[in-house]
Amino acid sequence: MKETTYIRNALFGLAFFVIIFCGGILTLDGEIKALGVSAMAAAAIVFTLLMQILAVRRTEGLQRRFIGLLLLATILYAAAEVVWFYEEKLAGGLDSVPLWSNILYILNLLSYIAAFSLLTFAIKNRYQVVYFAIDILIIYFSVTAILWVYWLHPLYEEAGVAYGPGVTSFIYPALELLLLFALSATMFLKRYFFPLKTMLLLIFSIALFFISDTMHLFALYYGRFEPNSLLEVMWSSAIVLQGIAALQLYLKRSSFRRGENTFHYEAGSYPVARSIVNIGSILILFLIFTASQDLTAGAGLLVIIFLVYSRQLLASSQLNQMTLSYQELARDLENQVDKRTEELRRKNAELEQSSSRLKYMALHDQLTDIWNRRALEGRLKTLFEKSLDEKEVKFALIFIDIDKFKEINDRLGHSYGDELLVEFTMRIKQVFPQDAFIARQSGDEFVVILEEWKLKKEIEFLIQKFFEANQKGYSIYGEEVNITFSLGASFFPEDSRNADELLQAADMAMYAVKQQGKNNYQFH
């Protein structure tokens, strides 16, 4: 609300300034009128300088540099006015713009162009800005070259204006028209790329400069220019609008950071229309130049050819960058895929290892690390299925049970009993062959399967050897203990062709030993 009030009051002040200025021009005469006009023009410049200096001191970053270039443009404009005033007073009247004023005015316009070009650093997709600028410049140079050759140059020749001064005078409105066209198109394409009120104020300012400079040049070359005319009001109003724009930027507190905006311009849209415009511009200017031999038309032709070629180079460069970016992205993606593949391979290996571990744990006794009851049942099933295909399948099944193991557990503790089972298992492994299937049935019960054993004497020899190995006692946690065990054996296929019955036969033989006094063995 406060910002709107300030801008509204400034515009009301400008309107009051215009009324006073116009009134002084229309009512005053002679030296007083000249001094009054000079004073009002100077007041407009001073006001703009003060507003721009204030804005530069209170802003920062890209915004500060933008306003700084506007301040430089105002200083150059003031210097051009001073030179003009001095030359006019010194010569007692001018029929053309002084050389140094010409140079300063051109630098003033170039400062405006530099200020708005600086704003492109706030755009992250600058390629689109360059495409936009090139497309505008191609159209602009084509139009201005045609206007110069078929309209302005013939008028200047008729008025007796030399070619050099004519071209020089054409630069002012030409640059202002370019800036005005670019700003209007920019606001149309991306309305909020720049604060709307500031953009409108600057567009109105450039428009006033364009109109007044065009009127001044025609009046000057046709001998109708009158000093201290209403054109002074237009120039001063234009410069005041720039001061108000700087004030609005300062009050708006807008920040223009690098790469924070997106410029909406489809550089790849309508390729056929763009090609027609480019080829048409080159062809038309070529025909105009060959027909008129006008240097301005020739220069415009060269500029357009350069712009078209630059656009192609830019498109090629962007395409190359995109290709490199895609290649880099592909490499990154490939690296990510390799990384993920390696992670998956590692996870699969861990999963396979975990699966193998789970499978191992499911078939092995956790205490003694030998086969468990489930594995025993699976092994017996496999052997019986094998016997259906092969007639010569024979094996022995030995059932071992430690005598009075419960008393040992109760007297010495379960940890002692567990360690005793582990030591007992190691002696089973030491005596029986490596290819023997050794399983813990439950508690203190063990089962040994001996495959491809055909003679009972060989089995009996191993059993006796096992009894001899256990004659020596066990030392567990510093506690000596002697154990006995009962052993029963059954044979396939003599005793049974059924797994449960074969296991039960060995169990019955073992219990028969226990009933007869333990610490012995018996075949079913």
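Just above, that's the structure.
Not measured: the values here are computed from a predicted model. (Residues numbered from 1 in each chain as written. Predicted model: local features only at pLDDT ≥ 70, side-chain atom pairs only at ≥ 80, totals over all residues. Heavy atoms only, no water.)

Considerations on the overall build of the protein chain
Here is the rule we go by: Going along the chain from the N terminus, every DSSP run of H or I of four or more residues is numbered as a helix, and every run of E of two or more is numbered as a strand. Residue burial is assigned from relative accessible area. The probe radius is 1.4 Å, only protein chains are included, and a residue is buried under 20% of its type maximum, exposed over 50%, and partly exposed in between. Throughout, a contact is declared for two residues whenever any of their heavy atoms are within 4.5 Å. Areas reported here follow the Shrake-Rupley algorithm with a probe of radius 1.4 Å; residue values treat only the protein chains shown as occluding.
The number of helices and strands found in the protein chain is 15 helices and 7 strands. For the protein chain, the proportion of its 524 residues judged to be buried stands at 43%. Within the protein chain, contacts between residues at least 6 apart in sequence are counted, and of these 73% link residues at least 24 apart. Within the structure as shown, the protein chain displays about 29,100 Å² of accessible surface, and the carbon and sulfur contribution to it stands at 60%.

Quick look at the packing of aromatic side chains
Worth spelling out the cut-off: Aromatic pairs are defined between Phe, Tyr and Trp rings, using the six-membered ring for Trp, whenever the two ring centres lie within 6.5 Å; interplanar angles under 30 degrees are classed as stacked, those over 60 as edge-to-face, and all others as tilted. Ring-over charges, as used throughout, are those where CZ of Arg or NZ of Lys falls within 6 Å of the ring centre and within 35 degrees of the ring normal.
The tally for this structure, following the rule as stated, stands at 19 aromatic pairs. Geometrically, the ring pair formed by Phe424 and Phe466 is edge-to-face, given 5.6 Å between the ring centres and 70° between the ring planes. Of this pair, Phe424 sits in helix H13 (residues 414-431) while Phe466 sits in helix H14 (residues 456-469), and the two are 42 residues apart along the sequence. Judged by its relative accessible area of 0%, Phe424 falls in the buried class. Through pairs of rings, three or more aromatic residues link up here, namely Phe424, Phe432, Phe446, Phe466, Phe467, Phe485, Phe491, Tyr521 and Phe523. Positioned over the ring face of Tyr474 is Arg427, at 3.7 Å from the centre of the ring.

Focus on the nonpolar core
Note the cut-off: Only buried Ala, Val, Leu, Ile, Met, Phe, Trp, Tyr and Cys residues count toward a nonpolar core, and they belong to the same one when joined by side-chain atoms within 4.5 Å.
Core analysis: the biggest nonpolar cluster contains 58 residues, and Phe66 and Tyr112 have the highest contact counts within it. When residues of this core are traced back to their parent elements, those giving at least two are helix H1 (2-27), helix H2 (30-58), helix H3 (61-91), helix H4 (99-118), helix H6 (163-189), helix H7 (196-221) and helix H8 (231-252). If you look at the next biggest cluster of nonpolar residues, it comprises 33 residues, including Phe424, Ile428, Ile459 and Ile483.

Considering helix H15 (residues 499-515)
Every α-helical turn comprises 3.6 residues, leaving residues that sit three or four positions apart pointing alike. Rule in force here: Expected span of a helix: the number of residues minus one, times 1.5 Å. Pairs of N or O atoms are called polar contacts if they sit within 3.5 Å, as long as, within protein, a hydrogen donor faces a hydrogen acceptor (for residues adjacent in sequence, only side-chain-to-side-chain pairs).
Taking 1.5 Å per residue, 17 residues should reach 24 Å; H15 reaches 25 Å between its end C-alpha atoms and fits that length. The set of residues buried in H15 consists of Leu502, Leu503, Ala505, Ala506, Ala509, Met510, Ala512, Val513 and Lys514. Elements that come into contact with the buried residues of H15 comprise helix H11 (373-389), strand E1 (395-402), strand E2 (437-442), strand E3 (445-451), strand E6 (485-492) and strand E7 (521-523). At the N-terminal end of H15, a side-chain oxygen is found 3.0 Å from the backbone nitrogen of Asp500, two or three residues along, and the residue is Asn498. Phi for Gly517, located one or two positions after H15, is positive at around 125°.

Regarding the packing of helix H12 (residues 405-412) against H13
Spelled out, the test is: Between N-to-C directions, angles span 0 to 180 degrees; the directions come from axes that are lines fitted to C-alpha atoms, helices contributing only their stretch in contact. Throughout this description, any angle smaller than 35 degrees is read as roughly parallel, any larger than 145 degrees as roughly antiparallel, any in the 65 to 115 degree range as roughly perpendicular, and the remainder as oblique. Amino acids outside the nonpolar list (Ala, Val, Leu, Ile, Met, Phe, Trp, Tyr, Cys, Pro) and the charged list (Asp, Glu, Lys, Arg) are all regarded as polar, and Gly is one of them.
Here H12 crosses H13 at 135°, and the two axes come no closer than 6 Å. When the axes of H12 and H13 are compared, the pair comes out oblique. Residue-level inspection shows Phe405, Ile408, Asn409 and Leu412 of H12 in contact with H13, the latter providing His414, Tyr416, Gly417, Leu420 and Leu421. Looking at the contact of H12 with H13 residue by residue, the classes come out as 6 nonpolar, 3 polar and no charged.

What about the pairing of E2?
Our working rule: Whether two strands pair depends on DSSP finding at least two bridges between them.
Where burial is concerned, most of E2 is hidden: 5 out of the 6 residues are buried. Bridge analysis of E2 against E3 gives 5 bridges, and the strand direction is antiparallel. Within the sheet, the bridge partner assigned to Phe437 lies in E3 and is Ile449. Turn length for the E2-E3 hairpin, with the two strands adjacent in sequence and antiparallel, is 2 residues, and the turn residue Gly443 shows positive phi of about 50°.

Digging into a nonpolar patch on the surface
The criterion, for reference: A residue counts toward a patch only above 30% relative accessible area and without a salt bridge, and it is joined to like-charged neighbours within 9 Å or, for Val, Leu, Ile, Met, Phe, Trp and Tyr, to nonpolar neighbours within 5 Å. When a carboxyl oxygen of Asp or Glu is within 4 Å of a side-chain nitrogen of Lys or Arg, the pair counts as a salt bridge.
A cluster of nonpolar side chains, contributed by Ile139, Val143, Leu147, Trp151, Phe181 and Val277, occupies part of the molecular surface with about 490 Å² of accessible area. The element contributing the most residues to the nonpolar patch is helix H5 (residues 126-159), with 4 residues. For Trp151, the position within the fold is in helix H5.

A few points about the environment of Gln504
The residue Gln504 is located in helix H15 in this model. Look at Gln504 and you get partly exposed, because its relative accessible area is 46%. Remark: the alpha-carbon pair of Gln504 and Ala489, spanning 15 residues in sequence, is separated by 9.9 Å.

Digging into the sheet that holds E2
Overall, mixed pairing links the 5 strands, which are arranged E2-E3-E1-E6-E7 in an open sheet. Taken across any chain shown, the strands that pair with only one partner, and hence form the sheet edges, are E2 and E7. The sheet shows a mean angle of 20° between the axes of neighbouring strands, taken without regard to direction. Looking at chain direction, E1 and E3 are connected through 7 bridges and run antiparallel.

Concerning H13
In this model, H13 (18 residues) spans 26 Å end to end at C-alpha, consistent with the 26 Å of a helix rising 1.5 Å per residue. Taken as a whole, H13 has its buried residues at Tyr416, Gly417, Leu420, Leu421, Phe424, Thr425, Arg427, Ile428 and Val431.

Some thoughts on the pairing of E1
Regular strands place side chains that alternate from one sheet face to the opposite one. Counted residue by residue, E1 has 8 buried out of 8 residues, so it is predominantly covered. Where burial is concerned, the two faces of E1 agree: the one with Phe395, Leu397, Phe399 and Asp401 and the one with Ala396, Ile398, Ile400 and Ile402 are both buried. Sheet topology places E1 next to E6; 8 bridges connect them, and they run antiparallel. By the bridge assignment, Phe395 is partnered in E6 with Phe492.

Quick word on unusual backbone geometry
In this structure, the amide linkage connecting Phe492 to the following residue, Pro493, adopts the cis form with an omega of 10°. For Pro493, the position within the fold is in the loop between E6 and H15. Of note in the backbone geometry, Lys404 takes a positive phi value of approximately 55° without being a glycine. Positive phi, normally seen in glycine, also occurs at Tyr477, with a value near 55°. Accessibility expressed as a relative area gives 60% for Tyr477, which makes it exposed.

Quick look at the packing of H2 against H8
Rules: Crossings are sorted by hand: turned counterclockwise from the far helix by less than a right angle, the near helix makes the crossing left-handed, and turned clockwise it makes it right-handed.
Viewed as axis vectors pointing N to C, H2 and H8 meet at an angle of 15°, and their least axial separation amounts to 8 Å. With respect to H8, the element H2 is oriented roughly parallel. Here H2 and H8 pass one another in a crossing that is left-handed. Residues Val37, Ala41, Ala44, Ile45, Phe47, Thr48, Met51, Gln52, Leu54, Ala55 and Arg58 of H2 pack against Glu232, Ser236, Ile239, Val240, Gln242, Gly243, Ile244, Ala246, Leu247 and Tyr250 of H8. Here the contact of H2 with H8 is built from residues that sort into 14 nonpolar, 5 polar and 2 charged.

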